[in-house]
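# An overview of the molecular structure
Residues per chain are reported as follows:
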Amino acid sequence: MITQTEQMSYRLSILNTQQQKLTYQTSTQEKLQEGSDDSMLYSRLILVDEKVRTYEGLKSQIQKTKVQNNMADSSMSEVKKILENIKEQLVKANTSTTTDDGLTAIASSIAGLKENLFQLANTQVENEYVFAGSNSSVKPFEKDASGKVTYLGNSQLRKVAIEEGSYRERGITGFDMMTYPSSTAYKGGSFSFKETDRIIDQNGNEWKLNSPTNDTLIKYDLNGNATTETITPVANDALTPPTYNATLPNVNGTKFEAKTNIFDLIDATVNALKKLDSSGNPISAQDARTLVAKYQGEVDKAYDSVNIAHADLGGKNKIFEISLERVSSKLTQFDILSRNLGSADLAQVAIESKALELTYTALYSTISKTNELSLVNFLK
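Description of the structure in this document. (Residues numbered from 1 in each chain as written. Predicted model: local features only at pLDDT ≥ 70, side-chain atom pairs only at ≥ 80, totals over all residues. Heavy atoms only, no water.)

Looking only at helices and strands, one finds eight helices and 15 strands in the protein chain. The long-range fraction of contacts in the protein chain, counting pairs at least 24 apart against all pairs at least 6 apart in sequence, stands at 66%. (Helix = DSSP H or I, 4+ residues; strand = E, 2+ residues; numbered from the N terminus. Contact = heavy atoms within 4.5 Å.)

In this fold, N205 is placed in the loop between β9 (198-201) and β10 (206-209). By relative accessible area, N205 is classed as buried at 8%. With sequence-adjacent residues up to four places away left out, N205 is seen in contact with I199, I200, K219, Y220, D221 and L222. (Buried < 20%, exposed > 50% of the residue type's maximum accessible area, 1.4 Å probe, protein only.)

The next thing to look at is the pattern of salt bridges. The final tally for this structure, using the stated rule, is 18 salt bridges. A salt bridge links E78 to K81; the shortest N-O distance between them is 3.7 Å. Separated by three residues within a single helix, E78 and K81 lie in helix α2 (residues 39-93), roughly one turn from each other. Residue classification places E78 among the partly exposed residues on the basis of a relative accessible area of 34%. For the salt bridge of D100 with K275, the shortest nitrogen-to-oxygen distance reads 3.1 Å. A residue pair is termed long-range when its members are at least 10 positions apart, and D100 in helix α3 (residues 100-121) and K275 in the loop between α5 (262-273) and α6 (285-342) qualify at 175 residues. Under the relative-accessibility criterion, D100 is labelled partly exposed at 42%. Under the relative-accessibility criterion, K275 is labelled partly exposed at 26%. (Salt bridge = Lys/Arg side-chain N within 4 Å of Asp/Glu carboxyl O.)

Tracing the chain through its elements places L337 in helix α6. L337 sits in the partly exposed class, given a relative accessible area of 32%. For the pair formed by L337 and L45, sequence separation is 292 residues and the distance between their alpha carbons is 9.0 Å.

For the pair α2 and α5, interaxial distance at closest approach is 13 Å and the crossing angle is 25 degrees. In terms of their interaxial angle, α2 and α5 are classed as roughly parallel. In the crossing of α2 with α5, the sense of the turn from one axis to the other is left-handed. On α5, the residues that touch L83, I86, L90 and A93 of α2 are I262, I266, T269 and L273. (Axes fitted to C-alpha atoms, helices over the stretch in contact; angles between N-to-C directions. Parallel < 35°, antiparallel > 145°, perpendicular 65-115°, else oblique. Left-handed = near helix turned anticlockwise from the far one by under 90°.)

Core analysis: the biggest nonpolar cluster contains 45 residues, and I86, M177, M178 and L273 have the highest contact counts within it. When contributions to this core are tallied by element, the ones reaching two or more residues are α2, α3, β4 (149-151), α4 (174-178), α5 and α6. The biggest single contributor to this core is α3, with nine residues. Each residue touching M178, except ones within four places of it in the same chain, is listed here: V79, L117, A121, F141, T260, N261, I262 and F263. (Core = buried A, V, L, I, M, F, W, Y, C linked by side-chain atoms within 4.5 Å.)

Backbone-to-backbone hydrogen bonds pair the strands of a sheet. The strands run either parallel or antiparallel. Ordered in space as β7-β15-β9-β10-β11-β12, the six strands form an open sheet in which the pairing is antiparallel. Single-partner strands in this sheet number two, and they are β7 (179-186) and β12 (226-231). Geometrically, the sheet is characterised by an average inter-axis angle of 30 degrees between neighbouring strands, direction not taken into account. Packing against the sheet, α5 makes contact with β7 and β15 (255-261), and its axis sits at approximately 45 degrees to β15. (Pairing = 2+ DSSP bridges.)

For α5, built from 12 residues, the straight-helix expectation of 16 Å at 1.5 Å per residue is met to within 8% by its first-to-last C-alpha distance of 16 Å. Burial analysis of α5 places 11 of its 12 residues in the buried class, the great majority of the element. Along α5, the residues classified as buried are I262, F263, D264, L265, I266, A268, T269, V270, N271, A272 and L273. One side-chain oxygen at the N-terminal end of α5 lies 2.8 Å from the backbone nitrogen of F263; it belongs to N261. Downstream of α5 by one or two residues, K275 has phi in the positive range, about 65 degrees. (Expected span 1.5 Å × (residues − 1). Polar contact = N/O pair within 3.5 Å; in protein donor to acceptor, adjacent residues only side chain to side chain.)

Take the pairing of β15 next. For β15, the buried fraction is high: six of the seven residues fall into the buried class. Relative to β15, β7 is paired through seven bridges, and the arrangement is antiparallel. In the strand pairing of β15, Y186 is matched with K255. Direction of pairing for β9 relative to β15: antiparallel, over a ladder of four bridges. Across the sheet, residue R198 finds its bridge partner in β15, namely K259.

Okay, the packing of α2 against α3 next. In contact at an axis separation of 10 Å, α2 and α3 are set at 170 degrees when each is read in the N-to-C sense. Comparing their axes, α3 and α2 come out roughly antiparallel. Taking contact as the criterion, the partners of S75, E78, V79, I82, L83, N85, I86, Q89, L90, K92 and A93 in α2 are, on α3, L103, I106, S109, I110, L113, N116, L117 and L120. Looking at the contact of α2 with α3 residue by residue, the classes come out as 12 nonpolar, five polar and two charged. (Nonpolar A, V, L, I, M, F, W, Y, C, P; charged D, E, K, R; others polar.)

Below you can see the structure in the form of structure tokens.
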């Protein structure tokens, strides 16, 4: 009798455990309440859920990058429109029918467009500057009291994960956006540059003149630290501003570009329209028109460079658009797999609940009849 009672209690505890499991599955629609319920399934769920979290992070990051890319693309479109406007105005300035007052008006207009370019060059999205290079927290372009604009960013691009273990460069730098190559040379060749130009080699390292003597070009690494590699340029002080010529090392793969700041070009153009040289000294009307014609050609080069940079940006943006579609698709697949693996089959749960109900009924009926037995009936 005692043994039978213990057996009944044991069976009842098993039924209660099953009932708790079915109740949990019904309320949460999840198959497993504890990992020990099915260790193999639990391991698969952990792996799939980890994939879901990974692709959620990738999707979020790519979406943020896409917003920045779209803003950068919009800014580059506006920069091209402004340069087209400047080109049109310089065409007018180079006609003999344009009066001095007309040249002054054009100078004022172009000076105003420079301010618009300055704002676009410092485009910011979610507290990040899109044209600053690898450090998006640095304001890329600064303007001093004289109005001279300097690029403070670097030539490196930030890399963004588009897949597990796979990264792509995002956007373009301020060098791409607001400078143009005024001189390019390859191994063993020579190139010319002005003191205000930025010299960039094939690896993105910058070479700077040593101040104040300006008699040596020093290589700086990607972290901005001076190295021991140098080149000795030759100065031509007869020109204003002075220019320099340098011969590159005879090493395969060497490429140097002297990048001229478009803001400096605009400043020089405005000065020429006002009959001033690049240093602000008065010049003759004929010399001024000669400079305006020269700078018109330089603006054409600047526009071509910006157009190439815009195309490069568009290609990079397309990579992130495709990556976003692919990551979103994989995230959806892993989400579905996670639900299929971890979700309880409610129809099966209902069947098991009904079976459990019948088992409970039978067990309680047995317990009730057992409790009704007397010692006399038991002895019979």
